[in-house]
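Summary of the model geometry
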Amino acid sequence: MFRLTLKRILQFLPGLFIISILAFILNSWAPGDGAEIYLNTISKGNFRTETDSEEVYYETRSFLGLDRPLFYFSLYTWGDLHPNTFFKDRDIQKTAEILSSKYRKPKAVTQYAVSLMELKNIIQEYQLPGELYRISRMLFQQHQEDPINANLELLNQWINNNPEVPGLQQKVADVNDSFHRINKTPVSNWHFLPSITWNGWENQYHLWITSWIRGSGGNSFADLQPVGKKILKALKWTLVLNIISILLTYILALPLGVLGAYYRDSKLDKILTVTLLSWFSIPGFWMATMAIVFLTTPEYGLDLFPTMGPGYIDSNMNWWTILKIRMHHLTLPIICLTYGSLAFTARQMRQSMVNELDKTYIKLAKTKGLTEWQIVIRHALPNAIFPILTMFGGILPSLLAGSVVIEYIFNIPGMGKLMVDAIFGRDWPVVNSVLMMAAFLTMLGILVSDLLYYWVDPRVKIDEK
Amino acid sequence: MKLVYGLYFLVFIAIAGDFIANEKPIYIKVEGQSYFPIWSDHQPMKLTLQRGQRWEDLPYTKIIRPLIPYSYHTIDRNNMGYKSPLGPQNVPSLRFWHWMGTDGLGRDIAAGIISGTRTALWVGLIAMGIAALIGVLLGALAGYYGNDGWRAKRGITLMAIMGVILAFFVGFYSRRYWLFYDNNTTNWLMSWAIFIGISLIFIGLGVLLSRLSFFSKKITIPLDTLILRLIEIVNSIPTLLLLLALLAIIQQPSLLWIMGIIGCLAWTGIARFTRAEYLRIKNLPYIDAARNLGFSDFRIMFKHILPNASTPILVSLSFGIAGAVLLEAFLSFLGVGIPPEKVTWGSMLNSARNYFPAWWLALFPGGMIFCTVFLFNLLGERIKS
């Protein structure tokens, strides 16, 4: 049993790894600059990326780990270096990227960008007049040949008029040279070969995944709380909804399935089959919308349930009142969450029961003279229940998906609501962590149902030996 | 199989939707001249409307309109603000009645439903088409070859693995530095062409390499285990959450993304059923006979086994389409990943949440989703039994 558990867990690791990489790729594709969003959240939208706040920006960037390499290794082309240097100026960084893919000579372009960076440093150091700053700013943003040449010309003119600044002349000459060298450098022919560079352990993925395992998973963009904390808070609601829903599903589905199988091919069975299939096809969000439209508003005279949310709880209420409020608020969501999986499980139960009832030991029991119900309850049911009990690992993903729908519509602060809100709020750390969490829970569900199966079914153990 | 007629009906609505609900008349006669404005999307337009002019303002002598004289985007200014199908509507005649009411902007719900049919069916059919392609191929490979059936020469295996990695690198990454520089835009077709080309070249090289004695030794590749493991991994990805995350990040939402992602995640069921069927059928005597006749594996797999294995594939395909329609509806309900100008069942259902008295907004689009999903589920159930 122990060895088996270990084996199954080890089998899940590659899957988890792949999903974590997927989530991380999504993270790095996501639009927006993490450091900027962070600063904007801290300063309540007052952060502006002007020269005076640039120091703060880069400090934040390195504080958040965004200046580290993305992954354990980087993939470049063989022939020339990719401009993998990170320039401390977003304009220059962007220009370097565009130019290097335009001219296909990343090394030469990197040199040009480095010379621009040095020019900028010297301008800042000597507090040179705004005129020069404006020209160089324009140069940082240009990636067309003609405007660059025009700006270089302006720069040269300015230098000729004001030759007194030490070192500036040299830097301007460097910029000129390195730009003209881009055109002179021959294009490398070895780009088709890959070259891999090891980045060491201090990379963004490593940082993210270790913090996720430790339970934090970075900070939410919305309120800078650790994502783990937010997820834990939300998970409570999702678990409450899903556990009640799973329990209800099993309690109701077993008798329905047994009834269908026992009166097989009768009118009752046919009605049951079609009804369950139609329940199974009713979209949860339609059901929920209809419930909200018809049952929570006085519009149609059926204001039976409170509208939204899990209900307001006062700290000095006794547990009975709290339970009553919660029940009142959660009734509709739980119904909407349950009926689909109920229909699915009941159909599976019927099928499994039908299979059992066809077996020879049932015939033996009949010839022994047991009553029909004795046979069904005592002999067939325990065997038919195995596949259904272990099926809940399979239901778990669809329940999670279902709770996204239900929580969003009924405004319950669970994982699904957290996810949808994070998507609309462009809060990527939360989005990715919820994705990871959901994948982890799904795997856990499959693992548990597998182990349950091994545990309840002695035949599997014999096979293992 | 009366159910199939329901399917035909849906497909008919999806294809002919423009001719059932359209603001443009099918036929109009102005000053003795006949026009067919409904075709104007497909033909150079002969009769153009002035800005703000409507078709009924023209001095026509004869006009034939489609069944529903509104397009899904037509804004009926006289019936803005949620007009009930039962209540009073400000229409010139019963012909212009909004049979399923209007939304807040005065758009006709019936026309929206017809346009939504097309989106839903497209997504369902194409997504599951992709899924079926992947699922049947992988399932067939896993089932037919099992763990010890696929034996390949060392040379070919080595070169194929190297070739695919290199092809991926060149096709999708270093191409922009090396070949066909195309101004930083991603040209997927070119990438795929390079990928396939380089892979094929390397496999060809592998065939040549296999003439050497060391490389001509055969090794067994445990296809079945590999594919089952892949199925396990894909199964543990939470589809809805991944779709939501991906679609939120994509800058330009398009239906193609939704179809592609659903197709790439929904194939596991089909692959499992296909594998099980192939495992069963490959031991039947007629397959032995086919092998003894010297037919190639490919021919046996797809010409002799596939037709007999099609029932479970069709069943899971049918359930899969139902699932994909549901998923698309939910995504457009949330408004994630669907172009905002598209009117779909989900987006109409969502607008019901803005104005509770508008029961028709909740009832009709949702009912349509339910009918479609139910139809495909029933169809799957029928094929099964």
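Structure's up top.
Read on for an overview of the structure. (Residues numbered from 1 in each chain as written. Chains lettered and ligands numbered in written order. Predicted model: local features only at pLDDT ≥ 70, side-chain atom pairs only at ≥ 80, totals over all residues. Heavy atoms only, no water.)

1. Regarding the overall build of chain B
The secondary structure content of chain B amounts to 13 helices and 5 strands. Scaling as 2.2 N^0.38, a compact globule of 385 residues should have a C-alpha radius of gyration of about 21 Å, whereas chain B reaches 27 Å, well beyond that. A principal-axis box enclosing the C-alpha atoms of chain B has dimensions of 85 × 55 × 45 Å. When the 385 residues of chain B are sorted by exposure, 49% land in the buried category. Pairs at least 24 residues apart make up 72% of the contacts formed inside chain B by residues separated by at least 6 positions. When the 33 positive and 19 negative side-chain charges of chain B are each reduced to one mean point, those points stand 8 Å apart. (Helix = DSSP H or I, 4+ residues; strand = E, 2+ residues; numbered from the N terminus. Rg over C-alpha atoms; globule rule 2.2 N^0.38 Å. Buried < 20%, exposed > 50% of the residue type's maximum accessible area, 1.4 Å probe, protein only. Contact = heavy atoms within 4.5 Å. Lys, Arg positive; Asp, Glu negative; His and termini not counted. Charge placed at Lys NZ, Arg CZ, Asp CG, Glu CD.)

2. Details of the packing of helix H2 (residues 109-145) of chain B against helix H13 (residues 359-384) of chain B
Residue and element names in this part refer to chain B. Contact geometry of H2 with H13 gives a least axis separation of 11 Å together with a crossing angle of 30°. Between H2 and H13, the crossing angle belongs to the class labelled roughly parallel. For the crossing formed where H2 meets H13, the hand is right-handed. Of the residues in H13, those in contact with Ile109, Ile113, Thr117 and Leu121 of H2 are Trp360, Leu361, Phe364, Pro365, Met368 and Phe376. For the contact of H2 with H13, the per-class residue count stands at 9 nonpolar, 1 polar and no charged. (Axes fitted to C-alpha atoms, helices over the stretch in contact; angles between N-to-C directions. Parallel < 35°, antiparallel > 145°, perpendicular 65-115°, else oblique. Left-handed = near helix turned anticlockwise from the far one by under 90°. Nonpolar A, V, L, I, M, F, W, Y, C, P; charged D, E, K, R; others polar.)

3. What about the pattern of salt bridges?
Enumeration over the complete set of coordinates arrives at 12 salt bridges over all chains. Here B:Glu381 makes a salt bridge to A:Arg347, at a shortest N to O gap of 3.0 Å. Taken together, the residues B:Glu381 in helix H13 and A:Arg347 in helix H13 (residues 319-357) connect one chain to another. Since its relative accessible area comes to 16%, A:Arg347 is described here as buried. A salt bridge links B:Arg107 to B:Asp103; the nearest nitrogen and oxygen atoms lie 3.1 Å apart. Exposure remark for B:Asp103: the relative accessible area of 8% places this residue in the buried category. (Salt bridge = Lys/Arg side-chain N within 4 Å of Asp/Glu carboxyl O.)

4. Concerning the nonpolar core
Among the nonpolar cores identified, the biggest contains 173 residues, and A:Phe285, A:Met353 and B:Leu244 are the most heavily contacted of them. The element best represented in this core is H2(B), accounting for 16 residues. The contacts of B:Leu244, once residues within four sequence positions are left out, are A:Val404, A:Met419, A:Ile423, B:Leu331, B:Leu334 and B:Val336. Membership of the second largest hydrophobic core comes to 30 residues, among which are A:Tyr112, A:Ala113, A:Ile122 and A:Ile159. (Core = buried A, V, L, I, M, F, W, Y, C linked by side-chain atoms within 4.5 Å.)

5. Observations concerning the sheet that holds strand S1 (residues 27-30) of chain B
Residue and element names in this part refer to chain B. On the basis of which strands lie adjacent, the open sheet formed by 3 strands has the order S2-S1-S3 and antiparallel pairing. The outermost strands of the open sheet, each flanked by one partner alone, are strand S2 (33-35) and strand S3 (60-64). Looking at each pair of strands side by side, their axes are set apart by 15° on average, direction ignored. One ladder, built from 4 bridges, connects S1 with S3; its direction is antiparallel. The residue bridging valine 30 from the neighbouring strand is tyrosine 60, located in S3. (Pairing = 2+ DSSP bridges.)

6. Re the environment of A:Pro194
Structurally, the position occupied by A:Pro194 is in strand S2 (residues 194-198). Remark: the alpha-carbon pair of A:Pro194 and A:Val240, spanning 46 residues in sequence, is separated by 51 Å.

7. Focus on the interface of chain B and chain A
The interface is formed by 50 residues belonging to chain B together with 60 residues belonging to chain A. Where chain B meets chain A, there are 1 salt bridge. Where chain B meets chain A, there are 3 residue pairs in polar contact (both at pLDDT 80 or more). Of all elements in the fold, only helix H3 (154-178), helix H5 (223-235), helix H6 (239-249), helix H11 (310-334) and H13 of chain B reach the threshold of two or more residues within the side of chain B that touches chain A. A per-element tally of the side of chain B that touches chain A places H13(B) first, with 12 residues. Considering only residue class, the side of chain B that touches chain A consists of 37 nonpolar, 8 polar and 5 charged. (Polar contact = N/O pair within 3.5 Å; in protein donor to acceptor, adjacent residues only side chain to side chain.)

8. Here we look at the packing of aromatic side chains
Overall, the coordinates contain 34 aromatic pairs over all chains when judged by the stated rule. Considering the side-chain rings of A:Phe71 and A:Tyr72, the 5.2 Å spacing of their centres and the 65° angle between planes classify their relative orientation as edge-to-face. For A:Phe71, a relative accessible area of 19% puts it in the buried group. Here a set of aromatic residues connected by ring pairs shows up, and it is made of A:Phe17, A:Phe24, A:Phe71, A:Tyr72, A:Phe73, A:Trp198, A:Trp201, A:Tyr205 and A:Trp208. The lysine or arginine in question, B:Arg154, covers the ring of B:Phe214, its NZ or CZ lying 4.7 Å from the ring centre. (Phe/Tyr/Trp six-rings, centres within 6.5 Å; stacked < 30°, edge-to-face > 60°. Lys NZ or Arg CZ within 6 Å of the ring centre and 35° of its normal.)

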